Amino acid sequence: MAALFSCQLHTLRGTIHSPEARKDYELCICKCNSLLSKRESNRGKLCSAAVLTQSKLRCTEESQKCDCTREFWKRTGLYCRAVGSQRAHLSSIGKRFQLDDVIEAQQFDRDTLSAIFEVADQMENVEKNLPRSQILKGYIMATLFYEPSTRTRLSFESAMKRLGGEVLTTENAREFSSAAKGETLEDSIRIVEGYSDIIVMRHFESGAARRAAAAAKIPVINAGDGPGQHPTQALLDVYTINREIGKLDGITVGLVGDLANGRTVRSLAYLLAKYDNVKIYFVSPDVVKMKDDIKDYLSSKNVKWEESADLMDVASQCDVVYQTRIQRERFGERIDLYKEARGRYIVNRNVLSVMKENAVILHPLPRLDEITLDVDEDPRAAYFRQAKNGLYIRMALLKLLLLGW
Amino acid sequence: MAALFSCQLHTLRGTIHSPEARKDYELCICKCNSLLSKRESNRGKLCSAAVLTQSKLRCTEESQKCDCTREFWKRTGLYCRAVGSQRAHLSSIGKRFQLDDVIEAQQFDRDTLSAIFEVADQMENVEKNLPRSQILKGYIMATLFYEPSTRTRLSFESAMKRLGGEVLTTENAREFSSAAKGETLEDSIRIVEGYSDIIVMRHFESGAARRAAAAAKIPVINAGDGPGQHPTQALLDVYTINREIGKLDGITVGLVGDLANGRTVRSLAYLLAKYDNVKIYFVSPDVVKMKDDIKDYLSSKNVKWEESADLMDVASQCDVVYQTRIQRERFGERIDLYKEARGRYIVNRNVLSVMKENAVILHPLPRLDEITLDVDEDPRAAYFRQAKNGLYIRMALLKLLLLGW
Amino acid sequence: MAALFSCQLHTLRGTIHSPEARKDYELCICKCNSLLSKRESNRGKLCSAAVLTQSKLRCTEESQKCDCTREFWKRTGLYCRAVGSQRAHLSSIGKRFQLDDVIEAQQFDRDTLSAIFEVADQMENVEKNLPRSQILKGYIMATLFYEPSTRTRLSFESAMKRLGGEVLTTENAREFSSAAKGETLEDSIRIVEGYSDIIVMRHFESGAARRAAAAAKIPVINAGDGPGQHPTQALLDVYTINREIGKLDGITVGLVGDLANGRTVRSLAYLLAKYDNVKIYFVSPDVVKMKDDIKDYLSSKNVKWEESADLMDVASQCDVVYQTRIQRERFGERIDLYKEARGRYIVNRNVLSVMKENAVILHPLPRLDEITLDVDEDPRAAYFRQAKNGLYIRMALLKLLLLGW
């Protein structure tokens, strides 16, 4: 314990681990400062202060961990804690990056994704076991939702509480908050960051998450901003494919339903482009076809893609059939177009009958009738497992943003 | 401690206690499996796995409790914990039942009710003392309210927090959740159960709680489903009568007000039928008389009942005067009927003057003018104590559903 | 430890500290009773009961603190705990008062204010350090909001959670709670106090907080009642001036904007009158001038005040420029008056250019365009620090109301 204790320092935003720190504490501090993001400047000052406390630190090493942590943090603004096997294991994979905010799917590369997925795997154990984890005890997450999304909100709040953290909730910030009085998003963020350690924001405007992150001194997670991004959904989709199929390279994926307005299928396509030999089929009504920007992006990444009107044919070739809801709210006033699009390309037992043995059906949920109920019992129906995976992904992101590796 | 430790196993849903377990651990496991409800099948597998770890278990018995619990749970999916005097006391009364869900008042028999009441009595101490209990630490309760009921919601949430548990809240699931997009209740439940350990649901449709419980792998408590059931209200009513009057057999109860639409009086009548020599008076305006189904049920159980239009006469004979609000929302468009019914049969000081010395006035609350304010000071005004008892009943149910006896 | 242990007793509402208690425990109990507020009568009884347990107490003194606390509390209803340096420090300043509720700014005198500010200073450390404080662990705060105010609600809830406490939330009690069914405020309070240890209430009616406090057996904090009071805002305003300017006597303050309807400027004027040599300028459109009641009050307290239409002139003389929003909702139907008033007296870089080096600009927030964005970077722009101070003030009040000194 002591060996690890003296050489791992946590800031609110990151972690440093250097075995030689015991011998040379100053080096440890330097590394620590180099790891601090720009927004950590004032903590950075505290770090250098810690250099002056070396002797004090050594003596506290002899004392029992808990007191030391408290003392040391007070003195230096750094959180010095014992390293559980879980974190130790993580360090061993040697993935290191500074995750400041989660704004869009494109910000993640393959290495980052696999590192996050590894933490998510560990979170499944954390969630299943009693007594529950307390690694985020004392941290507060603010769920700032300018447009209601009970499912997403509960998923994030459960993730925070499963790790021992606290939550401040606003389910309808748009209607109730000062926004109704004309306050800018930036001002609202400057207030809320004073009450919390991390902000999970849902907004009705595309790009709102990026604006919030720019204004905030604490991490911001985009829980969906209008027609724009919903990165945690994209992460859990890719995570689920990896868990269910066992790989991401060389897979064939059919994206079905509303591809024009469906935020999730667009983000998913972006992420799949990071893997090799991926083949994508677009299956949708004409009125809601996948837009050219995505098609061009995929082509530029040498991702094979094809449009098809034949769900049965596509289903027989895919490892993943990703069904989506035709969202009425995306059609605005054009109820006629909605009626035309809705209910076509249903996934039912006929579709199941042509699918591969080990293929899976995914769906971001909620589903209406685009997947018939009799499909639920089939082991290839993975959409509820997919929803649960969202919890593990969000637990992983909260842990990484608040404690670092 | 060690003696108890080795022979009490908690699953998420129940408990087994077998003194001889120390000698024969396998027997203990068998009993445990037999106790697991059908929905525990996969935990069941974990149990049998535990048999293979006997030797490991023995060695951990020597080690200190806390570590053992953690280790043992991880290994077997069973929660093996020390037994506090409270639970020990409970075990001693020898009441044993598997409480899976709380759906309707009729599901409880006399023995179950008195066992629950005994736990509720203990919960009063738990709530009054500092430091507060942490027996549900790490557990998450989801309050899924499709129709708002601030009072009921806060009562459940307070109960959970008083036991150290966490809460996920939706105050208006109907308006905000995916239900608005047409998701089925069953799908919503399958999602929410992934975020929590127990679901407390309020719904606008009769029978919704039963459907939710059928779909859920975790316990569901019905916090009221439309005109249907509100079992925890019924439990707290009977619990209050037992506390205030000191008995349930041989009592005389006057049910007053809206008996046709009043969910609480209907459920209360059901429960009172389980006791001996109960006499019930129905006192209500003609437009909202008690319906025949209840009258027939009472007759079939040999419960004496009588309709009366004379509140003063009834009040003079009753141990309990159960007043109810004439609920406008139950009359729909018929404002005229509402006006006719409302405000009649007021409980005021005149009624008090004819009531027995040790009788009590109950009311599910909120009250409008059907009980005058000057009644509040009278010691027989028990309706605020009744509301507080709801907290103890809900604490008891949460404890029993999550930890078992 | 033992020395302190035997002589400090906490009730839910206050604290007594008497060094000689060790020699004469009965004396300690008497002092304790004398300290109990009227609403503590039943706890009072518990106290005297404790006298009978002297010998038991002595023996527990030998045992380790934690067990003793638990035991002793159970036995006497008093919370006997070790005294951290923080509290010890507080005792040393010798300020003693029984804070039952926080209803209006006027209830605080200079000594009380400076004592609260000292606790608030300590709360800044508590909030910045990890692991976070748990002094309110096991306590539940109910935020009963009859009118939405996300900012104020989140500030209180963050304060409670930063101290380890739990929260029950109602963001829109008016619409959802039993109030909609016609329940009186007093009845609602009698229910909610059964679920919580302290109530933070926001209401749309002036005087509602006082009514709630009169009905409640537990502390009530007024989080704003209609056009009436918003005492915690007033406290954080004065606290911020004291922190930023370093003093409260002899300062010059310009109150700008909607002075007729602005709750905050009215309360602030009341509090400033408690200090010596304060000069106040009222700068506002004619339609929303400061009302005579405040002017008369200030005159009666020999506070110099002056009305001015020249913001530049006033800004050049002030230590504090307190800008406020022209609140549309306070104008009701008179949109024309709103349009006339809004947008005048803007604080921009021109105003900054004439202000003193060490003066500050305050604003209760949210701000629209009455302070231009380019002012934010100026160190004299203190309104976001002011908002953060609200957290420390609320942490201090929660600590004082629940644990006492």
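Residues numbered from 1 in each chain as written. Chains lettered and ligands numbered in written order. Predicted model: local features only at pLDDT ≥ 70, side-chain atom pairs only at ≥ 80, totals over all residues. Heavy atoms only, no water.

Undergrad: How would you summarise the relation of the copies chain C and chain A if you had to cite specific residues and measurements?
TA: Rotating chain C by 120° and moving it 0.0 Å along the rotation axis overlays it on chain A with an RMSD of 0.0 Å. On this basis, the relationship between the two copies can be described by a three-fold rotation axis. Interface overlap between copies: only 10% of the residues of chain C at the interface are likewise at the interface in chain A, consistent with a contact formed by different surfaces. (Least-squares fit on C-alpha atoms with pLDDT ≥ 70 in both. Contact = heavy atoms within 4.5 Å.)

Undergrad: Could you give me a rundown of the sheet that holds strand S10 (residues 320-323) of chain A, with the residues and numbers involved?
TA: All names here are of chain A. Strand order in the open sheet made by the 5 strands is S9-S8-S7-S10-S11, with parallel pairing throughout. In this open sheet, the two strands that pair with only one neighbour each are strand S9 (304-308) and strand S11 (360-362). For this sheet, the mean angle separating the axes of adjacent strands, direction not counted, is 20°. Taken together, the 3 bridges between S10 and S11 define a ladder with parallel strand orientation. Within the sheet, the bridge partner assigned to tyrosine 322 lies in S11 and is leucine 362. (Pairing = 2+ DSSP bridges. Helix = DSSP H or I, 4+ residues; strand = E, 2+ residues; numbered from the N terminus. Axes fitted to C-alpha atoms, helices over the stretch in contact; angles between N-to-C directions.)

Undergrad: Explain the pairing of strand S6 (residues 220-225) of chain B to me, and be specific about the residues and the numbers.
TA: Residue and element names in this part refer to chain B. Most of S6 is tucked away, with 6 of its 6 residues classed as buried. Pairing between strand S5 (residues 198-203) and S6: 4 bridges, direction parallel. What sits directly across from isoleucine 199, in S6, is valine 220. With helix H11 (residues 208-215) bridging S5 and the parallel S6, this β-α-β connection has right-handed handedness. (Buried < 20%, exposed > 50% of the residue type's maximum accessible area, 1.4 Å probe, protein only. Right-handed = clockwise from strand over helix to strand, strands pointing away.)

Undergrad: So what about the packing of aromatic side chains? Which residues, and what values?
TA: Applying the stated criterion across every chain yields a total of 12 aromatic pairs over all chains. Look at phenylalanine 117 of chain C and tyrosine 239 of chain C: their rings are 5.2 Å apart centre to centre, the planes differ by 45°, and that puts the pair in the tilted class. Placement of the pair is phenylalanine 117 of chain C in helix H7 (residues 110-128) and tyrosine 239 of chain C in helix H12 (residues 231-245), with a sequence separation of 122 residues. On the accessibility criterion, tyrosine 239 of chain C (1% relative accessible area) is buried. Cation over ring: arginine 132 of chain B sits above tyrosine 139 of chain C, and NZ or CZ is 6.0 Å from the ring centre. (Phe/Tyr/Trp six-rings, centres within 6.5 Å; stacked < 30°, edge-to-face > 60°. Lys NZ or Arg CZ within 6 Å of the ring centre and 35° of its normal.)

Undergrad: Describe the relation of the copies chain A and chain B, listing the residues and the values that go with them.
TA: For these two chain copies, the linking operation is a rotation about an axis paired with a shift along it. Aligned on chain B, chain A shows an RMSD of 0.0 Å; the corresponding rotation is 120° and the shift along the axis is 0.0 Å. Comparing contact sets, just 10% of the residues at the interface of chain A also lie at the interface in chain B, consistent with a heterologous contact between different surfaces.

Bear in mind that shape data such as this cannot, by itself, settle questions of function.
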